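Residues per chain, in single letters:
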Amino acid sequence: MDNQVFPNDDFILTPDTVFPEDKHIVTPEKPIIEFRGVSKTYQTGTHALKDVNIQIHPGEFVFVVGASGAGKSTFMKLIMREEKANTGDVLVNGYNLTKMPRKQIPMLRRTMGIVFQDFRLIPTMDVFDNVAFAMHVVGEKPNVIRREVAKALSQVGLGHKARSKPAELSGGEQQRVGLARALINKPKLLIADEPTGNVDPNMSYEIVEMLSRINQQGTTVLMVTHEHNLVRDFHHRVIMLEGGTIVADNAEGTI
Ligand SMILES: Nc1ncnc2c1ncn2[C@@H]1O[C@H](COP(=O)(O)OP(=O)(O)OP(=O)(O)O)[C@@H](O)[C@H]1O
Ligand SMILES: [Mg+2]
């Protein structure tokens, strides 16, 4: 049990116990994400993150901002364990990712929803199956899948597009499918690296509104964005990276 950061049993994650309905809000004093002296240097020698220390608590909505190359995607990739820190500890959902064996990564990913800038839908599957797939993977029963997928699609306003293929949808619609897919397994944590990067400005607002509603229901949301108007208008905590360092962390949603 070396990888267990928090001794509390609530944090021992298995596919069955991760998201019991009444446990999506955990005690606020325990961060859901914590970086302790984290540095990441790529093999090329680029120092993408330098001694980053940060805590994010359950239920927070956090924007991550900063210029191109500041280290935002690297920060997110460390949280998903797509990349590994060279030094320091990355603690997510009760796990120490720096020490986590590779075989536990799928279990970690099941505790989070991930939304991609380029949607990453499966082009040969229709909208319904793209969302359902994430539930098949965790072994849900077909009747549960049918009910939950229908609910998720209607939540993102796409109930009528269930049988469309991704190529038949607008960028904003595709991203809403991506959102439904990320949320279908009721993750405690939703991470999104520029989810509005490929949709028009109005749809950007709608997507952040949806993310804010999801956040109000208890999901912690972490979102990278370049759109300052979103940061200005939605009043969430803002973490700013510059040259691999956190240069601002503002609870009031201003840069
Ligand atoms: N796989 C990689 N190998 C080597 N260097 C990388 C790799 N990924 C990112 N970098 C470098 O690390 C630094 C941080 O990159 P990162 O992708 O985290 O920036 P970002 O803030 O997400 O930028 P953008 O806004 O352009 O997406 C940059 O200098 C980048 O060139
Ligand atoms: Mg990036």
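Attention here is on the structure that accompanies the text. All values reported here derive from a predicted model rather than from experimental measurement. (Residues numbered from 1 in each chain as written. Chains lettered and ligands numbered in written order. Predicted model: local features only at pLDDT ≥ 70, side-chain atom pairs only at ≥ 80, totals over all residues.)

**Observations concerning the site of ligand 1**
Under the convention used in this document: Should the C-beta atom of a residue, placed from the backbone, lie within 6 Å of a molecule or strand, that residue is near it. A run of DSSP states H or I qualifies as a helix once it reaches four residues; a run of E qualifies as a strand once it reaches two. Both are numbered from the N-terminal end. Asp, Glu, Lys and Arg are counted as charged, while Ala, Val, Leu, Ile, Met, Phe, Trp, Tyr, Cys and Pro are counted as nonpolar; the rest, among them Gly, fall into the polar class.
Every residue close to ligand 1 is listed here: Y42, T44, T46, A48, G66, S68, G69, A70, G71, K72, S73 and T74. Of the residues forming the shell around ligand 1, the biggest block, three residues, is contributed by helix α1 (residues 72-80). Taken together, the residues that form the shell around ligand 1 break down as three nonpolar, eight polar and one charged.

**A look at the pairing of strand β3 (residues 61-65)**
As a reminder, the rule being used: Partly exposed residues are those whose C-beta has more than 12 but fewer than 20 other C-beta atoms within 10 Å; 20 or more makes a residue buried and 12 or fewer makes it exposed, with C-beta atoms placed from the backbone. Two strands are counted as paired when DSSP detects at least two bridges linking them.
Across the five residues of β3, five count as buried, placing the element largely inside the fold. Both faces of β3 are covered, namely the face carrying F61, F63 and V65 and the face carrying V62 and V64. Sheet topology places β3 next to strand β8 (residues 220-224); four bridges connect them, and they run parallel. Bridge assignment links F61 to a residue of β8, and that residue is V221.

**Focus on unusual backbone geometry**
Unlike most non-glycine residues, F119 shows phi in positive territory, near 65°. On the basis of neighbour count, F119 is assigned to the buried category, with 21 C-beta atoms found within 10 Å. The phi torsion at K186 lies on the positive side, around 50°, for a residue other than glycine. When you line up the elements, K186 lands in the loop between α5 (171-183) and β7 (189-193).

**Remarks on the sheet that holds strand β9 (residues 237-242)**
To be explicit about the condition: Each axis is a line fitted through C-alpha atoms, and for a helix only the stretch in contact is used; angles between axes span 0 to 180 degrees, taken between their N-to-C directions.
The mixed open sheet is built from six strands, whose spatial order is β6-β7-β8-β3-β9-β10. The sheet is open, and its two edges are formed by β6 (112-115) and β10 (245-250), each paired on a single side. Direction aside, neighbouring strands of the sheet carry axes that sit 15° apart on average. Judged from the four bridges that link them, β6 and β7 form a sheet pairing that is parallel.

**Quick word on the sheet that holds strand β4 (residues 87-92)**
To keep things clear, this is the line we draw: Contact definition: two residues whose C-beta atoms, as placed from backbone geometry, lie within 7 Å.
Taken together, the four strands give an open sheet; going across it, the order is β2-β1-β4-β5, and neighbouring strands pair in antiparallel fashion. Each of the sheet's edge strands pairs with one partner strand only, and the pair in question is β2 (47-56) and β5 (95-96). Running at roughly 120° to strand β1 (residues 33-41), α1 makes contact with β1, β2 and β4 of the sheet.

**Overview of the nonpolar core**
Stated precisely, the cut-off is as follows: Any nonpolar core is a set of buried residues, restricted to Ala, Val, Leu, Ile, Met, Phe, Trp, Tyr and Cys, that join up through C-beta atoms within 7 Å.
If you look at the biggest cluster of nonpolar residues, it comprises 65 residues, and the most contacted ones within it are V64, V90, V131, A180, L190 and I191. For this core, the element with the most residues is helix α3 (residues 127-137), which contributes six residues. Residue contacts for V131: discarding those within four places in its chain leaves V149, A152, L153, V177, A180, R181 and I184.

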